[in-house]
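Here are the chains, one letter per residue:
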Amino acid sequence: MSERDNGRNGGRRSVWRRTPAPAPPPLAQAPEPAVADGAEPASVVQAALYRDGVRVSSPATLAETYRELRERPRGMAWIGLARPTATDLRSLEAEFGLHQLAVEDAMEAHQRPKLERYGDTLFVVLRAARYLDAPEEVDFGELHVFVGPDFVITVRHGAAPDLSAVRRRMEDSPDLLGLGPEAVLYAILDAVVDGYAPVVCGVQNDIDEIETEVFRGDPEVSRRIYELSREMVEFQRATRPLVGMLHGLMAGFAKYETDEELQRYLRDVADHVTHISERVDGFRQALTEILTVNATLVSQQQNAEMRALAEAGFEQNEEVKKISSWAAILFAPTLVGTIYGMNFTHMPELSWSFGYPFAIGLMGVVCLTLYVIFKKRDWL
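This structure is a prediction, so every number in the text was calculated from the model and none was measured.

Caption draft 1: Representation of the packing of aromatic side chains. Counting across every chain of the model gives 8 aromatic pairs. Centre to centre, the rings of Y50 and W78 are 6.2 Å apart; their planes meet at 45°, and the pair counts as tilted. Taken together, the residues Y50 in strand β1 (residues 44-51) and W78 in strand β3 (residues 76-82) connect sequence positions 28 residues apart. With respect to class, Y50 is no different from W78; both count as buried. With centroids separated by 6.0 Å and ring planes inclined at 45°, the aromatic side chains of W326 and Y371 adopt a geometry described as tilted. Note that W326 is positioned in helix α9 (residues 260-340) and Y371 in helix α10 (residues 355-376), a separation of 45 residues in sequence. A residue is classified by how much of its surface remains accessible, and Y371, at 32% relative accessible area, is partly exposed. Through pairs of rings, three or more aromatic residues link up here, namely Y66, F96 and F151. Of note, R167 hangs over the ring of W78, and the distance from its end group to the ring centre comes to 4.5 Å.

Right, here's the structure in full:
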């Protein structure tokens, strides 16, 4: 740690175990810029300094934030960044002594949810989620949080969560905010977990609709099941690690002398995360079963269609056999008549008195014989 860091931390007690002091009059809160729904925000910095749970300053730049934090012996800086530049993160790394590996993780999205401790700084990665009604899909965001003795730094990738609402909530509860950076971390965790509830409701509605479509025979339902299953895999990756992370935080209550009120809040968040995680696991199982049922129904439908085609083919074959049988029967007299109609001069039967009856009888015998044969073979 640099001499500047030692001077800053050595000049006041850690806010993890802070001593109350008279609070200065609050300053007007500067509005945070709104980000259009679904839009990719540019690099944004929102900084505020607090003392005993009350905002005392709203610096416009990071450099101004550093200077004012050094001048306030028991202050806490809350710095929020959306898609920051590498320059911003390197500046924060140099000022607050952030670990290089954590800063590199914060520069890039697509990190798994985790909680790591680097000295007296916690580094937390969270995956936020929100349900988009129009496309009926889940949108995931990523949030990196650095929590130190006198600072909280949030690095947001994506539209969720709405940290301006978290800041307003904490500023409306100065007693809670006065507990220090741990309280801010709790509020962020609570906001991320609360954001999962609408997602769970939206997914439950989607599953109900999918079940109806499956038994209605909708041909597009298989694709919808597959897409929702992929989203549930991502949702599971976002929620399941939180259970272990919160239990890790709770395991350090005694060691880091966490305030009892915060302990209760964090236990409540842990309960909610466990419930959400169980619901997501149930969704994945339900979608797997629905996909199996859909495959069975599709197979049954295909078998029914094949059976119908086979029956149609069988009926056509029966008709062909009947036509062929009658064609063979009628061919016999045609053959005899054709031979007798060739008008040759030397034909023994032409001068025979029984020639005509013989020809007629021969035709009848051949036709009757063929009819009996085809009838026994069920061709007629």
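Caption draft 2: Expanded view of the nonpolar core. Membership of the largest hydrophobic core comes to 58 residues, with the highest contact counts inside it found for L126, I188, L189 and F235. The biggest single contributor to this core is helix α7 (residues 181-216), with 16 residues. Here L126 is in contact with G141, E142, L143, I188, L189, V192, L242 and M245, once residues within four sequence places are set aside. V56, F151, I153 and V155 belong to the second largest nonpolar core, which has 22 residues in total.

Caption draft 3: α10, seen in detail. In this model α10 runs 32 Å from its N-terminal to its C-terminal C-alpha over 22 residues, within 8% of the 32 Å that 1.5 Å per residue would give. Along α10, the residues classified as buried are G355, A359, M363, C367 and F374. Down the axis of α10, the buried set is contained in an arc of 110°. They therefore lie on one face. Turned more than 90 degrees away from the buried face of α10, the exposed residues are V365, L368 and K376. Positioned one or two residues after α10, D378 has a phi angle of 60°, which is positive.

Caption draft 4: Highlighting unusual backbone geometry. For D52, which is not glycine, the phi torsion reads 55° and is therefore positive. Within the secondary structure, D52 is located in the loop between β1 and β2 (54-57). On the basis of relative accessible area, D52 is assigned to the buried category, the value being 17%. Positive phi, close to 55°, is recorded for E136, a residue that is not glycine. Considering the arrangement of structural elements, one finds E136 in the loop between β5 (121-132) and β6 (137-147). By relative accessible area, E136 is classed as partly exposed at 33%.

Caption draft 5: Geometry of the packing of α7 against helix α8 (residues 221-251). Close contact between α7 and α8 brings their axes to 11 Å; oriented N to C, the two are set at 155°. The angle between the axes of α7 and α8 places the two elements in the roughly antiparallel class. As α7 runs across α8, the sense of the crossing is left-handed. Along the lines of polarity and charge, the residues of the contact of α7 with α8 split into 19 nonpolar, 1 polar and 4 charged.

Caption draft 6: Seen up close, the pairing of β3. Within β3, 7 of the 7 residues are buried, which leaves the element mostly enclosed by the surrounding structure. Here β3 shows a buried face lined by M76, W78, G80 and A82 and a second buried face lined by A77, I79 and L81. In this sheet, strand β7 (residues 151-157) lies alongside β3 in parallel orientation, the contact comprising 6 bridges. By the bridge assignment, L81 is partnered in β7 with V155.

Caption draft 7: Local environment of the packing of helix α5 (residues 163-171) against α7. Their axes nearest at 10 Å, the elements α5 and α7 cross at an angle of 130°. By the angle class used here, α5 and α7 are oblique. Between α5 and α7 lies a crossing of right-handed hand. The segment α5 lies against α7, with L163, V166, R169 and M170 engaging A183, V184, Y186, A187, I188, D190 and A191. Among the residues forming the contact of α5 with α7, the class breakdown is 9 nonpolar, no polar and 2 charged.

Parameters at a glance
- Residue numbers here run from 1 along each chain, matching the order of that chain's written sequence.
- The predicted origin of the model limits local features to residues at a pLDDT of at least 70 and limits the giving and counting of side-chain atom pairs to 80 or more, whereas totals for whole chains, interfaces and linings rest on all residues.
- As a rule here, side-chain values cover all heavy atoms of the structure and leave hydrogens and water aside.
- Here is the rule: rings of Phe, Tyr and Trp (six-membered ring for Trp) pair when centre to centre is within 6.5 Å. Planes less than 30 degrees apart are stacked, more than 60 are edge-to-face, and the remainder are tilted.
- Where helices and strands are cited, they refer to DSSP runs of H or I of at least four residues and of E of at least two residues respectively, numbered from the N terminus.
- The classification of residues rests on relative accessible area computed with a 1.4 Å probe and restricted to protein chains. Under 20% of the type maximum is buried, over 50% is exposed, and intermediate values are partly exposed.
- We count a charge as sitting over a ring when the NZ of a lysine or the CZ of an arginine lies within 6 Å of the ring centre and within 35 degrees of the ring normal.
- What makes a nonpolar core is a set of buried Ala, Val, Leu, Ile, Met, Phe, Trp, Tyr and Cys residues whose side-chain atoms join them at distances within 4.5 Å.
- Here, two residues are considered to be in contact whenever any of their heavy atoms come within 4.5 Å of each other.
- Expected span of a helix, by definition, is 1.5 Å for each gap between consecutive residues, and there is one gap fewer than residues.
- Throughout, the arc means that of the directions going from the helix axis to the C-beta atoms.
- All axes are obtained by fitting lines to C-alpha atoms, using only the stretch in contact for helices, and the reported angles, taken between N-to-C directions, cover 0 to 180 degrees.
- Note on terminology: angles under 35 degrees are roughly parallel, angles over 145 are roughly antiparallel, angles of 65 to 115 are roughly perpendicular, and the others are oblique.
- Left-handed describes a crossing whose near helix is turned anticlockwise from the far helix by less than a right angle; the clockwise case is right-handed.
- For this classification, the nonpolar set comprises Ala, Val, Leu, Ile, Met, Phe, Trp, Tyr, Cys and Pro, the charged set comprises Asp, Glu, Lys and Arg, and every other residue, Gly included, is treated as polar.
- Between any two strands, pairing holds if DSSP finds at least two bridges.

Shape is all these values report; function is a separate question.
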